[in-house]
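# Close look at the chain arrangement
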Amino acid sequence: MKRIPRTAVAAAAVLLLAGCSSAPTAGVAGLAGGPGSIRIQAGDDEIPALREIAADFTADSGVEVEFVQREVNAQAISNFISQSPTGQAPDIIVSPHDNLGQLASNGVVVPVELGERAGDFSANARDAVVYDGVSYGVPYAIENVALLRNNALTTEDPASFDELRAVGHRLMDEQGIEYPFTVSQSAEAGDPYHLYALQTSFGAEVFERTEEGEYTGTLTMGGADGHAFARYLQDLGETGDLRTSMSPDIAKESFLTGESAFHLGGPWELTDVEAAGMDVSVLPVPPAGDEQSRPFVGVQAFFVNAHAANPVAAQDFAANYLTRPEAQTALYESTGRPPASQVAVDRMQGDPLRSAYARIAESGLPMPAIPEMGAVWSFWGTTENAVVDGRGDPVQLWDRMIDNIEGQIS
């Protein structure tokens, strides 16, 4: 049976607390005082599945599980960081993995051992919860951008993004639709996330990665590869194929109403697509450059509080219950997000769209969780907008962006 012994979890938790927490005896006290309880902060769509998982945990351990319903955002992460050392934060929190660098560098989360079940998870899911060589979380869902195709307008599968644009323009002429493709943008901040698959097809990954796949703080999207992508953005802007005014609502509604045959979007849009009764396919984003398109992969994961009131029980729940394939399946059924567990993906029945997203995620790249990423987004998005809107030479704008980001990082 793929299970980490509870005694091992307890020992590990105490050792981790001794090394990482200012309350090294909290877990031992929790055991001596009875099973106690743990608190989990999660979203309203995650809690129904967590209640199912918690029922087995409570039956086995006697530990009660309480829930704090709150969506994770920047303020929630800030609160967790400030409240963890005071003992006011929940024992376990759900968060996108790109908050891990902030959580780990502030010492408010502890490593979680996936044990023999590590092999159940996709490589990207495992890598996403590693920071500075240490695994910190239990992944449960993956999200990435892919190409949604309206099969009522076309069944063509473009091999390149230029071919996609050509098909889109032909459909505009033949069928009177409005756009060759749609993609979420922001007139104020840009949207590098949705365009990252195109950028990586030019070889311009945002940060350097080690042989183990971990990001360093060295920026790598400059130089000839970055310049080539910037020139491509310029062309997209000059032709009107990409518009910085295309807000998320405009992009999605235009696709839902048949004004575009192609849409670059994530699995979070499938609920609306399915409600509209559309016949769609989920495909990889075709490359614009000479390399494979690799979208960012975001991973939703559970992290254990370094100052948890009941650390042994929290580690036990995370390592031995949340990693179970049936738990991963329950979370998929509750949230509608593609599972991080490959075993759970293989068990998905009658959901080809989310299964396709999960398969495409295997070739994606985890969103960097390093603190340096915080210096990137603003310069990146506003520069892409400037290039698309024709407000300067694309290479000069791109080089200025690199200088600004590197100055911010240093």
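The name recorded for the chain in an unreviewed UniProt entry is Sugar ABC transporter substrate-binding protein, from Kocuria turfanensis. The Sequence similarities (unreviewed entry) field of the UniProt record for the chain holds the comment "Belongs to the bacterial solute-binding protein 1 family."

Turning our attention to the pairing of strand 7 (residues 137-144). Taken across its eight residues, strand 7 has eight buried, putting it largely inside the fold. In this sheet, strand 14 (residues 296-305) lies alongside strand 7 in antiparallel orientation, the contact comprising seven bridges. When the sheet's bridge partners are listed, Gly-137 is paired in strand 14 with Phe-303.

In this section: the sheet that holds strand 13 (residues 280-283). Sheet architecture is open: four strands sit in the order 9-12-8-13, paired in mixed fashion. Only two strands of the sheet have a single partner each, and these edge strands are strand 9 (182-183) and strand 13. As defined by bridge partners, strand 8 (residues 146-150) adjoins strand 13 across four bridges and the pair is classed as antiparallel. Each residue of the ladder has a partner; that of Leu-147, found in strand 13, is Leu-283. Packing of helix 15 (residues 352-361) onto the sheet brings it into contact with strand 8, strand 12 (262-265) and strand 13, and relative to strand 13 it is tilted by some 10°.

With that out of the way, let us pick up the nonpolar core. In this structure, Phe-161, Met-221 and Trp-380 are the most contacted members of the largest nonpolar core, which totals 65 residues. Counting only domains with at least three residues in this core, you end up with domain 1 (37-143 + 298-366) and domain 2 (146-294 + 371-407). Leaving out residues up to four positions away in the same chain, Trp-380 has contacts with Pro-192, Tyr-196, Gln-199, Val-206, Met-221, Phe-296, Met-373, Trp-398 and Met-401. One finds Ala-49, Val-299, Val-304 and Ala-313 within the second-largest nonpolar core, a separate group that totals 46 residues.

What follows covers the domain arrangement of the chain. You can read the domains of the chain as domain 1 (37-143 + 298-366) and domain 2 (146-294 + 371-407). Domain 1 puts 15 residues into the contact, and the matching count from domain 2 is 24 residues. When residues of domain 1 are sorted by the area they lose upon contact with domain 2, Leu-353, Tyr-357 and Leu-365 head the list and together hold 43% of the total. Viewed at the interface, domain 2 and domain 1 are joined by one salt bridge. Seen at the junction of domain 1 and domain 2, the total is seven residue pairs in polar contact (both at pLDDT 80 or more). For the side of domain 1 that touches domain 2, the secondary-structure elements that each account for two or more residues are strand 5 (130-131), helix 15 and strand 15 (365-366). A total of five residues in the side of domain 1 that touches domain 2 trace back to one element, the largest contributor, which is helix 15. For the side of domain 1 that touches domain 2, a count of residues per class yields nine nonpolar, three polar and three charged.

So, how was this worked out
Residues numbered from 1 in each chain as written. Predicted model: local features only at pLDDT ≥ 70, side-chain atom pairs only at ≥ 80, totals over all residues. Heavy atoms only, no water. UniProt positions renumbered as here; feature names shortened; annotations may be inferred. Buried < 20%, exposed > 50% of the residue type's maximum accessible area, 1.4 Å probe, protein only. Helix = DSSP H or I, 4+ residues; strand = E, 2+ residues; numbered from the N terminus. Pairing = 2+ DSSP bridges. Contact = heavy atoms within 4.5 Å. Axes fitted to C-alpha atoms, helices over the stretch in contact; angles between N-to-C directions. Core = buried A, V, L, I, M, F, W, Y, C linked by side-chain atoms within 4.5 Å. Domains from an automatic or database assignment. Buried area = accessible area lost by both parts, 1.4 Å probe. Salt bridge = Lys/Arg side-chain N within 4 Å of Asp/Glu carboxyl O. Polar contact = N/O pair within 3.5 Å; in protein donor to acceptor, adjacent residues only side chain to side chain. Nonpolar A, V, L, I, M, F, W, Y, C, P; charged D, E, K, R; others polar.

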